[in-house]
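So you can see what is in the structure, the chains are spelled out below.
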Amino acid sequence: MIRTRFAPSPTGSMHIGNLRTAFYAYALAKHNKGDFILRIEDTDKKREKMGGVEDIKRLLKIFNIKWDEYCVQSQRLEIYNKIAKKLVSDGHAFYCQCEAKNAKEDGFSKELRDPCRDKDLKSGAIKLKVPDKENIEFTDYVLKKKISWNTSTVGDATLLKSDGFPTYHLAVVVDDNDMKISHALRGHDWMPSTPIHLLVYKYLEFTVPEIGHLTDIMDPDGGKLSKRKGSTSVDGLINEGYLPEALFNFVILLGWAPKDNKELFTLKEFVNLFDPLGFQKANPIFNRDKLDWFNGEYIRKISNSNLCKKFEIQNSDFKKMDKDKKIQITKLVKERIKKISDFDSLANFFFEEPKVDNKLFGIDYKKHIESALLVLKNIKGWDLETLNSDLMNEVTKNNFKIGDFFMSLRISLTGTKFTPPINDSIIILGKEETIKRLNKME
Ligand code: GLU
């Protein structure tokens, strides 16, 4: 039976890398009709973020990731205490009373060998008595290679802090064993802790699960992904206007690839096709253009009325408009928009008269506007076809350059050079409003 877990710590906002771990662990379990467990690793009370647990659950739900079992480490303190004490009595761990002085925050000692290890103390924090000159190894499930350490390079890590809370090193081993986890997938940053875990497994005579370290997600400018180029937190990206469907699709392909070149995946398709052989060994790059592309693809899959609702939430002026107009605007914007949050800049001119910067215009703009006004004042009917042909006739008659003519109209009516198709926009804006705006430019 395949049982995987997602084991986030509620210490900050969920990062794109954590989300990826959750997707892979979920797919591995569900592809094999196994169980997926959500385990809250809240043993570092100093770093815990208010509402952190609720945020994790809310985000997983947004992506339709459902867990079969749920557990919270801070409710299991007695279990860790008992096991830590057993390790002491078996001679594999020792009490230490210089915890604060000698340990760094991540549970590693500054000195590899702790001065308390031979003092036979009877209380304090509990640390692992790491042997010297032993070889310890495992085969990484993701990287598909054997990784080994000489224990002389591994420090006497803290297992149980003096406040009675376990460190990650102890809790992860105890829990993965208790919860019968068959595969532990986690970020590459955790690799240095693996030899400690392997020793704890050995001393407790637990079976070691498959352990796999996922690749690091890299910044396009080199180095690990950082916030320099915008958000890397899941909430941040959703707030920027990325759809969960698009984020999901983008994230699963950061470090995993299907056998064929399939690019668009729903969660269900991903689960069906998931194959651990698809894990990539090279570090993937967080390519925002690709994310934008996915987002555009998914935006175009949403029905007009649902997309319209998303735009309504985004823009209260839009919400107040007439229903038919809203749908017409939605259809036009839908073809161009990359993020929901781009709506304001693309569509604002429909409900707010733009401030036009005359510097944007080319030399002949006054002639263009004069001609357009003439066409609009004499136009018979108000439909796209008539508008297209009347304007084109005018362009030909005056020997205008087509692109320049329409750019002059675009700038006058919208204040920018990048908008939905201008003739379609004019039809939605209405004759009166269009004439009013053009008159101001003359
Ligand atoms: N609590 C660790 C984290 O926040 C879990 C690492 C693991 O999955 O073993 O990533």
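Not measured: the values here are computed from a predicted model.

(A) How the structure looks around the pairing of strand β9 (residues 183-187). Of all five residues in β9, five are buried; the element is thus mostly enclosed. Two elements, β9 and strand β10 (residues 210-214), share five bridges in a ladder whose sense is parallel. Paired with Ala 184 across the two strands is Ile 211, which belongs to β10. Following the chain from β9 across helix α6 (residues 194-204) to the adjacent parallel β10, one finds a crossover that is right-handed.

(B) Expanded view of the packing of helix α15 (residues 365-378) against helix α19 (residues 431-441). α19 packs onto α15 with a crossing angle of 150 degrees between their chain directions and a minimal axis gap of 10 Å. Relative to α19, the element α15 is oriented roughly antiparallel. Taken as a pair, α15 and α19 cross one another with a handedness that is left-handed. Two secondary-structure elements touch here, α15 through Tyr 365, Lys 366, Ile 369, Ala 372, Leu 373, Leu 376 and Lys 377 and α19 through Lys 431, Thr 434, Ile 435, Leu 438, Asn 439 and Met 441. Partitioned by chemical class, the residues of the contact of α15 with α19 number eight nonpolar, two polar and three charged.

(C) Representation of the pairing of strand β6 (residues 135-139) within the structure. Burial along β6 is one-sided: the face carrying Ile 136 and Phe 138 is buried and the face carrying Asn 135, Glu 137 and Thr 139 is not. The sheet contact formed by β6 and strand β7 (residues 146-150) spans five bridges and is antiparallel. Counterpart to Asn 135 in the pairing with β7 is Asn 150.

(D) Local environment of the pattern of salt bridges. Tallied over the entire structure, the rule returns 39 salt bridges. Between Glu 48 and Lys 45 there is a salt bridge, with its nearest N and O atoms 2.8 Å apart. Judged by its relative accessible area of 30%, Glu 48 falls in the partly exposed class. With its nearest N and O atoms 2.7 Å apart, the salt bridge here joins Asp 90 to Lys 86. Taken together, the shared-partner salt bridges connect Arg 5, Arg 39, Glu 41, Arg 76, Asp 175, Asp 176 and Asp 178 into one network.

(E) Seen up close, the UniProt feature "short sequence motif: 'HIGH' region" (unreviewed entry) in the chain. The UniProt feature table records "short sequence motif: 'HIGH' region" (unreviewed entry) at residues 8-18. In residues 8-18, helix accounts for 27% and strand for 0%; the two terminal C-alpha atoms are 7 Å from one another.

(F) A look at the nonpolar core. Residues Leu 170, Phe 270 and Phe 350 are the most contacted members of the largest nonpolar core, which totals 128 residues. The greatest single-element share of this core, amounting to 10 residues, is contributed by helix α1 (residues 16-31). Residue contacts for Leu 170: discarding those within four places in its chain leaves Tyr 80, Ile 83, Ala 84, Leu 87, Leu 159, Leu 160 and Val 200.

(G) Up close: unusual backbone geometry. Here the phi dihedral of Lys 33 falls at roughly 55 degrees; this positive angle occurs in a residue that is not glycine. Structurally, Lys 33 can be placed in the loop between α1 and β2 (35-40). Even without glycine at this site, Glu 205 takes up a positive phi of about 55 degrees. Topologically, Glu 205 is positioned in the loop between α6 and β10.

(H) Summary view of α6. α6 sits mainly inside the fold: 10 of its 11 residues count as buried. One or two steps after α6, the chain reaches Glu 205, where phi turns positive at roughly 55 degrees.

(I) A look at the sheet that holds strand β4 (residues 93-96). On the basis of which strands lie adjacent, the open sheet formed by three strands has the order β4-β5-β8 and antiparallel pairing. Whereas interior strands pair on both sides, the edge strands pair on one side only; in this sheet they are β4 and β8 (158-160). With direction set aside, neighbouring strand axes in the sheet form an average angle of 40 degrees. Helix-sheet contacts for helix α3 (residues 77-89) involve β4, β5 (125-128) and β8, and the interaxial angle to β4 is about 105 degrees.

The rules behind these values
- Residues numbered from 1 in each chain as written.
- Predicted model: local features only at pLDDT ≥ 70, side-chain atom pairs only at ≥ 80, totals over all residues.
- Heavy atoms only, no water.
- Buried < 20%, exposed > 50% of the residue type's maximum accessible area, 1.4 Å probe, protein only.
- Helix = DSSP H or I, 4+ residues; strand = E, 2+ residues; numbered from the N terminus.
- Pairing = 2+ DSSP bridges.
- Right-handed = clockwise from strand over helix to strand, strands pointing away.
- Axes fitted to C-alpha atoms, helices over the stretch in contact; angles between N-to-C directions.
- Parallel < 35°, antiparallel > 145°, perpendicular 65-115°, else oblique.
- Left-handed = near helix turned anticlockwise from the far one by under 90°.
- Contact = heavy atoms within 4.5 Å.
- Nonpolar A, V, L, I, M, F, W, Y, C, P; charged D, E, K, R; others polar.
- Salt bridge = Lys/Arg side-chain N within 4 Å of Asp/Glu carboxyl O.
- UniProt positions renumbered as here; feature names shortened; annotations may be inferred.
- Core = buried A, V, L, I, M, F, W, Y, C linked by side-chain atoms within 4.5 Å.

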